[in-house]
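Summary of structural features
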Amino acid sequence: MRLRDLPSVDDLVRDQRFEGEPRGQVVQAARRALDRAREEIRAGTDPGDLVVRLAGELEALRRPHLRRVLNATGVVVHTNLGRAPLARPALDRVVEVGQGYSNLEYELLDGRRGSRQEHVAEILRHLTGAEAALVVNNNAAAVMLALAALAEGREVLVSRGELIEIGDGFRIPDVLTRSGARLREVGTTNRTRAADYEAAVGSDTAVLLRVHQSNFRVVGFTEQPAVAELARIAKAHGLPLVDDLGSGVLEASNRRLLGSEPDAAASLSAGADLACFSGDKLLGGPQAGIVVGRADLVERLRRHPLQRALRADKLTLAALEGTLALYLDPDRAVREIPVLRMLVEPVESVRERAERLARLVDGEVEQTVGRVGGGALPLAELPSYACAVEVELAAELRAGEPPIVGIVRDGRCLLDCRTLDDADVVEVAAGVARARDRS
Ligand SMILES: *Cc1c(COP(=O)(O)O)cnc(C)c1O
């Protein structure tokens, strides 16, 4: 086919197959089909049947852009793949609250205006032992709001070893500076002592901040003061201690998980005045930033104008309440919250899943190492098993429906089974069969 043999957009959309379809969409798809055909002709290949191409473009246009993906990477809290999958009961709450009206900001008892913060405040108080709680869009927003409300125009003391980059070039010091607070670094990258904070406290100091070294570890000659030591200094000077915990592990599940991430209850009982954490890392809920701690400080955050800009929406609050409710029974939390379930699943049962997948697709079982991800427990290795298939399938699997994301390593495509569940295995097997047909 030559360039001048290509039909016009008008001619192409006139095909009877597209009768009754929304004209604007068909025209857009036809333009795309023709653009691609032009490129292919210039590159010396034949574009084939243009009506078939147009039908394909039309289907692609109608497919949602944000889609479900099967995670075969073995990274449990995979930030690029949407972090925490939600528990069924949490999703049910989203559907229930989202499909109609709700008492989002309405007191049913007396028919007056209420606060959206009330829906999860009580359960958060119960689970963390805090006096008060507040929820915003994510943990970066929680930390920023805390500093804006407590330290605007004043100084925040933070250890040099804790000025971390969370990911994608997003740095804690930049977030902190945007709050309007001034950052004062204390100590050194590998060693910071309580005495460093003590020496740096001045008349302009407003807050002592501790940031959990979520996604890295400094090993060797290191020192970091315990929360209790910092709390003692903060108290002596009448200053609040804010503890950014990052991962959001709750006491109820911490004991069951490998390693030990700091949890909010422990932080508060060691003397932190406020603790902040994410909703969609180890907590296993929706994207959210949760602040718990002293009632007077939480109230200052709630009254700050930024709170209005950073507040969580009703769907988030519904999913968060649904997730937190599962923690009232820690055994149920581990069974039903996908992140927790994947983290604690015995390696033998992961291996059985990999063997099942390998039988279905004629692949090979291989031992792998999964990761917690989400910048939590960076050194923790999750023993895991994958099913290895031909490396050529990796791109085809990503292009399939649903897309399947595996890991390319040593000339093979590994489909890690720690982050797939039993039902996913059947879908992955079908996806591999289709990918082989196409390639
Ligand atoms: C992940 C993380 C954040 C950011 O949390 P988001 O919920 O992603 O905004 C902030 N601080 C620490 C220590 C973290 O680990």
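Residues numbered from 1 in each chain as written. Predicted model: local features only at pLDDT ≥ 70, side-chain atom pairs only at ≥ 80, totals over all residues. Heavy atoms only, no water.

1. Quick look at the overall build of the protein
Across its full length, the protein carries 19 helices and 18 strands. C-alpha atoms of the protein, sized along the principal axes, occupy 80 × 50 × 45 Å. Burial status across the protein gives 48% buried among its 439 residues. For the protein, long-range pairs separated by at least 24 residues make up 74% of all intrachain contacts whose partners lie at least 6 apart in sequence. (Helix = DSSP H or I, 4+ residues; strand = E, 2+ residues; numbered from the N terminus. Buried < 20%, exposed > 50% of the residue type's maximum accessible area, 1.4 Å probe, protein only. Contact = heavy atoms within 4.5 Å.)

2. Notes on the domain arrangement of the protein
When cut into domains, the protein gives domain 1 (3-61), domain 2 (70-81 + 340-438) and domain 3 (88-336). Between domain 2 and domain 3, the C-alpha centre-to-centre distance is 32 Å. (Domains from an automatic or database assignment.)

3. Description of the side chain of Asp-424
In this fold, Asp-424 is placed in helix α19 (residues 422-438). If we ignore the near neighbours within four places in the chain, the residues touching Asp-424 are Arg-68, Leu-70 and Thr-419.

4. A short note on helix α14 (residues 314-326)
Between its first and last C-alpha atoms α14 spans 19 Å; for 13 residues at 1.5 Å apiece the expected length is 18 Å, and the two agree. Residues Thr-316, Leu-317, Ala-318, Ala-319, Leu-320, Gly-322, Thr-323, Leu-324 and Leu-326 constitute the buried set of α14. Considering only its buried residues, α14 is in contact with α4 (88-98), α5 (118-128), β5 (132-136), β13 (289-293) and α15 (330-336). (Expected span 1.5 Å × (residues − 1).)

5. Concerning the sheet that holds strand β18 (residues 412-416)
Pairing in this open sheet of five strands is mixed, and the strands run β2-β14-β15-β18-β17 from one edge to the other. Of all the strands in the sheet, just β2 (75-77) and β17 (407-409) have a single pairing partner and so form its edges. Strand-to-strand twist of the sheet, defined as the mean angle between neighbouring strand axes without regard to direction, takes the value 40°. The pairing of β17 with β18 spans three bridges and is classified as antiparallel. Along β18, the bridge assignment pairs Ile-407 with Leu-414. In the packing of helix α17 (residues 347-361) onto the sheet, contacts are made with β14 (364-373), β15 (382-390) and β18, and the angle to β15 comes to roughly 5°. (Pairing = 2+ DSSP bridges. Axes fitted to C-alpha atoms, helices over the stretch in contact; angles between N-to-C directions.)

6. Re the packing of helix α2 (residues 23-42) against helix α3 (residues 50-62)
Look at α2 against α3: their axes get within 8 Å of each other, and the N-to-C directions meet at 120°. The orientation of α2 relative to α3 falls into the category oblique. For the pair α2 and α3, the sense of crossing is right-handed. In this structure, α2 contributes Gln-25, Val-26, Gln-28, Ala-29, Ala-30, Arg-32, Ala-33, Leu-34, Arg-36, Ala-37 and Glu-40 to the contact, and α3 contributes Leu-50, Arg-53, Leu-54, Glu-57, Leu-58, Leu-61 and Arg-62. A class-by-class count of the residues in the contact of α2 with α3 yields ten nonpolar, two polar and six charged. (Parallel < 35°, antiparallel > 145°, perpendicular 65-115°, else oblique. Left-handed = near helix turned anticlockwise from the far one by under 90°. Nonpolar A, V, L, I, M, F, W, Y, C, P; charged D, E, K, R; others polar.)

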